[in-house]
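# Geometric and topological summary
This is what each chain is made of:
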2 protein chains.
Amino acid sequence: MSRVYNFCSGPAALPEAVLEKAQAELLDWHGKGVSVMEMSHRSEEFMSILASTKARLTRLLNIPDNYEIVFAQGGASTLFAQIPANLTNGFDSACYLDTGAWSTKAIKEAKKYTNVVLAGSTKDVNYTSVPDFSTLNLDEKAAYLHLTPNETIGGLEFADLPETNLPIVADLSSTILSREIDVSKYGLIYAGAQKNVGPAGVVINIIRKDLLARSNNEALPSVWSFENLAKNDSMINTPPTFAIYLADLVFEWLEAQGGVAAMEKINVEKADLLYSAIDNSGFYSNPIDVRYRSRMNVPFVLADESLEKTFLKESEEAGLRTLAGHRSVGGMRASIYNAMPIEGVKALIDFMQAFEKRYG
Amino acid sequence: MSRVYNFCSGPAALPEAVLEKAQAELLDWHGKGVSVMEMSHRSEEFMSILASTKARLTRLLNIPDNYEIVFAQGGASTLFAQIPANLTNGFDSACYLDTGAWSTKAIKEAKKYTNVVLAGSTKDVNYTSVPDFSTLNLDEKAAYLHLTPNETIGGLEFADLPETNLPIVADLSSTILSREIDVSKYGLIYAGAQKNVGPAGVVINIIRKDLLARSNNEALPSVWSFENLAKNDSMINTPPTFAIYLADLVFEWLEAQGGVAAMEKINVEKADLLYSAIDNSGFYSNPIDVRYRSRMNVPFVLADESLEKTFLKESEEAGLRTLAGHRSVGGMRASIYNAMPIEGVKALIDFMQAFEKRYG
């Protein structure tokens, strides 16, 4: 079989050019006679890969000098604990916005470490919108304000950030590098790799340097200390070297595509095409406030729920893979991250329209 | 350049046949049109890989029914914290043996969670031997007894296990699958993958089921709970899917080699050859009590320390990679895990003898 269009929410599709390069280098990286997987993390070769990964990310996101890039192990769910474990030291509370399944999980985990102040929630509208920023319940003495600017399951994406003096901590797992951001507005950005960056197992953290001093190294698990991770260039122990290498290849590919601004332009176009097709159909629908629809994760349902299984079976057969919604909500979901070419979105729309003709 | 003989202590060499298979499947696993890296961890395809990985490991180590295999994220250093965080719940102490750099790190981390009882130490002989098991200081009410049966840096390996009623918790990162073991003698075996199993970022845990009840899920980071990891088939969040897939390929390769008994036979032969060459030279030496020399990690020094740099430079040029000792101790170290063929050990010995002739 040839390559398919893969709409998985994560682990998600990677650019084909990246996989081809990784494949070519898999047994022999740059003539060194070993795979990247087989290199000491402290070797000159891997250190050059790590440095390149950080330099490319710094360029792609215009990361200011007063930020550190730290690679942590696990996934964003690990960071749901690691972040309050580091950043609430010396504080009595942390503020959280509740905008869907992932912020709910982050809140549950934070409660193990601190008092969680619910700064705002859209649970009452079934998470179809973003809280009104002018009415947030902010504790000005809190350790930080946590946001989930893109809810991968719900398909909800913030259009901007609240104004606050609190450091903003944001889970950008599913939006990092898909749109331009102003890093200086954040205290900590974190992102599990397996959506827009690379394989699962590594989490990118971009942290304002003054926050590093909060880490209580006496009490924290050693490998969790942001301060020590920063001090040791993410190598308190062996980092997930192959995942970092793949991230470097993805960043290289992004630079060749014209960087984040160019990706954002395509991502807007892809999302507009797909939401228009949904809205104009009368057969498919998406419940999210149009101002806050995610550009990355597009959930939709069929007017006739009983056709869902047929839709999923036939789309799979048409080379459109993993269109099922999250198991907690059902329905359909098309995740259209950076690696999804516009041709894939057009193929999906063609399929949706043909399916509607057959069954609508 | 062609493939070299890679003596790195970790991330270590992988079997060439495994890398070749991973390379062939990198863009299209079993005709599915996607890479394993791009598959949902909950897809039928990845679930089949996970099941295969566990089934092969169960066969290779004869794991009894009252044990669970759990894949954790991070490295063994993560488990240095995760283990006491799970297993000391309801206990006042844990016993640790101190036999080198890695047990020292495990002890330091455990002190954040419990009272550490030093059951035995060979620090007074610079960790060149294993404590006399008949004189251990064991607290019979402790949560467990922790051992590091192979010290990767020191090159020290236990010949057997102490007799105790405490559950034995053992860091087998550098020996797992290199020799036959009786799993039923352990409470918990853990092993970072990047030596004998696969790429860095995943840790194999083989845990006796009765110990799962110790996890305090209210307090533990969700992704750290052994009980929940076991209940959720290691998928509380997205696991490091590609690393698990590589482990499956390595296990498949091990089965094709005849399993652990066959590997142990070759490993004994490799280690005997190398230690004999060292002992018979008068030019190279290894300080470890001969009863406890590691079969996996063979450190050695030159009679004339000033020749070390030359040795490392010339060995690298001869296609013998990463023979430097750990940065904390210097000297040389040859790590000869399962993936190192006997030809690699013979090539190293040939080089060592030629080097001795030139400079000795």
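Chains are numbered independently. Their residues run from 1 in the order of the written sequence. Throughout, the order in which chains and ligands are written sets their labels, letters from A for the former and numbers from 1 for the latter. Local features in a predicted model are, by the rule used here, given only for residues with pLDDT of at least 70; side-chain atom pairs are given and counted only at 80 or more, and totals for whole chains, interfaces and linings are based on all residues. Where side-chain values are given, they derive from all heavy atoms of the structure, hydrogens and water being excluded.

## A few points about the domain arrangement of chain A
Where interface size is given, it is often the accessible area lost as the parts come together that is meant. Residues and elements named next belong to chain A. Convention followed: Residue ranges for the domains trace back to a domain assignment, done automatically or taken from a database. Buried area: the accessible area, evaluated with a 1.4 Å probe, that two parts lose upon being put together, summed over both parts. Within this document, salt bridges are pairs made up of a side-chain nitrogen of Lys or Arg and a carboxyl oxygen of Asp or Glu, the two lying within 4 Å of each other. In protein, a polar contact requires one atom able to donate a hydrogen and another able to accept it; more generally it is a pair of N or O atoms within 3.5 Å, and residues adjacent in sequence count only if both atoms are side-chain atoms. Segments assigned H or I by DSSP are reported as helices when at least four residues long, segments assigned E as strands when at least two residues long, and all are numbered from the N terminus.
Under the domain assignment, chain A is made up of domain 1 (16–256) and domain 2 (258–359). Centre-to-centre, using C-alpha coordinates, domain 1 lies 27 Å away from domain 2. Of the roughly 2100 Å² buried between domain 1 and domain 2, counting both surfaces, carbon and sulfur atoms make up 55%. Between the two partners, domain 1 and domain 2, sit zero salt bridges. At the boundary of domain 1 and domain 2, one finds 16 residue pairs in polar contact (both at pLDDT 80 or more). Among the secondary structure elements, those contributing two or more residues to the side of domain 1 that touches domain 2 are α2 (44–61), β7 (156–157) and α6 (241–256).

## Notes on the UniProt feature "binding site: L-glutamate" (unreviewed entry) in chain A
Residue and element names in this part refer to chain A. Formally: UniProt positions are given in the numbering used here, feature names are shortened, and annotations may be inferred rather than shown by experiment. Accessible area is worked out with a 1.4 Å probe on protein chains only. A residue is then buried under 20% of its type maximum, exposed over 50%, and partly exposed in between. What makes two residues a contact is simply this: any of their non-hydrogen atoms within 4.5 Å.
With numbering aligned to this structure, UniProt lists the feature "binding site: L-glutamate" (unreviewed entry) at Ser-9 and Arg-42. Across 34 residues of sequence, these annotated residues are also dispersed in space, with a maximum C-alpha separation of 33.1 Å. Locating Ser-9 in the fold gives a position in the loop between β1 (5–6) and α1 (16–24). According to the relative accessible area criterion, Ser-9 is buried, its value standing at 14%. Those residues in contact with Ser-9 that lie beyond four places of it in its chain are Thr-152, Lys-195, Asn-297, Arg-333, Ser-335 and Tyr-337. Topologically, Arg-42 is positioned in the loop between α1 and α2.

## Regarding the side chain of Ser335(A)
Residues and elements named next belong to chain A. Residue placement: Ser-335 occurs in strand β14 (residues 332–335). Within the local environment of Ser-335, its side chain forms a polar contact with the side chain of Asn-297, the two groups lying 2.9 Å apart. Leaving out residues up to four positions away in the same chain, Ser-335 has contacts with Asn-6, Phe-7, Cys-8, Ser-9, Met-296, Asn-297 and Met-340.

## Some details on the UniProt feature "modified residue: N6-(pyridoxal phosphate)lysine" (unreviewed entry) in chain A
Residues and elements named next belong to chain A. Feature annotation in UniProt places "modified residue: N6-(pyridoxal phosphate)lysine" (unreviewed entry) on Lys-195, given in this structure's numbering. Looking at the secondary structure, you find Lys-195 in the loop between β9 (188–192) and β10 (202–208). With a relative accessible area of 15%, Lys-195 lands in the buried category. Setting aside chain neighbours within four positions, we find Lys-195 in contact with Ser-9, Gly-10, Ala-12, Ala-13, Thr-152, Ser-173, Ser-174 and Tyr-337.

## Considering the sheet that holds strand β9 (residues 188–192) of chain B
All names here are of chain B. Rules: Paired strands, as defined in this entry, are two strands with at least two bridges between them according to DSSP. Here the axes come from fitting lines to C-alpha atoms, over the contacting stretch only for helices, and the angles between their N-to-C directions go from 0 to 180 degrees.
The strand order β2-β10-β9-β8-β5-β3-β4 describes an open sheet built from seven strands, whose pairing is mixed. Edge strands, defined here as strands with exactly one partner in the open sheet, are β2 (67–73) and β4 (115–121). Averaged over all neighbouring strand pairs, the angle between strand axes comes to 20°, with direction disregarded. This element, helix α4 (residues 101–110), spans β3 (93–98), β4 and β5 (145–147) of the sheet and lies at about 160° to β3.

## With respect to the environment of Leu320(A)
Residues and elements named next belong to chain A. Looking at the element boundaries, Leu-320 is found in strand β13 (residues 320–321). On the accessibility criterion, Leu-320 (2% relative accessible area) is buried. On a C-alpha basis, the gap between Leu-320 and Lys-21 in space is 24 Å, while along the polypeptide they are 299 residues apart.

## Concerning the packing of α1(A) against α6(A)
Residue and element names in this part refer to chain A. Spelled out, the test is: Angles below 35 degrees are treated as roughly parallel, those above 145 as roughly antiparallel, those between 65 and 115 as roughly perpendicular, and all remaining angles as oblique. Put simply, a crossing is left-handed when the front helix is turned counterclockwise from the back one by less than a right angle, and right-handed when it is turned clockwise. Think of it as three bins: nonpolar holds Ala, Val, Leu, Ile, Met, Phe, Trp, Tyr, Cys and Pro, charged holds Asp, Glu, Lys and Arg, and polar takes everything else, Gly as well.
Between α1 and α6, the shortest axis-to-axis distance is 9 Å and the interhelical angle comes to 135°. By the angle between their axes, α1 is oblique relative to α6. For the element pair α1 and α6, the recorded crossing hand is right-handed. Listed contacts from α6 to Ala-17, Val-18, Lys-21 and Ala-22 of α1 are Tyr-245, Leu-246, Leu-249, Val-250, Glu-252 and Trp-253. Partitioned by chemical class, the residues of the contact of α1 with α6 number eight nonpolar, no polar and two charged.

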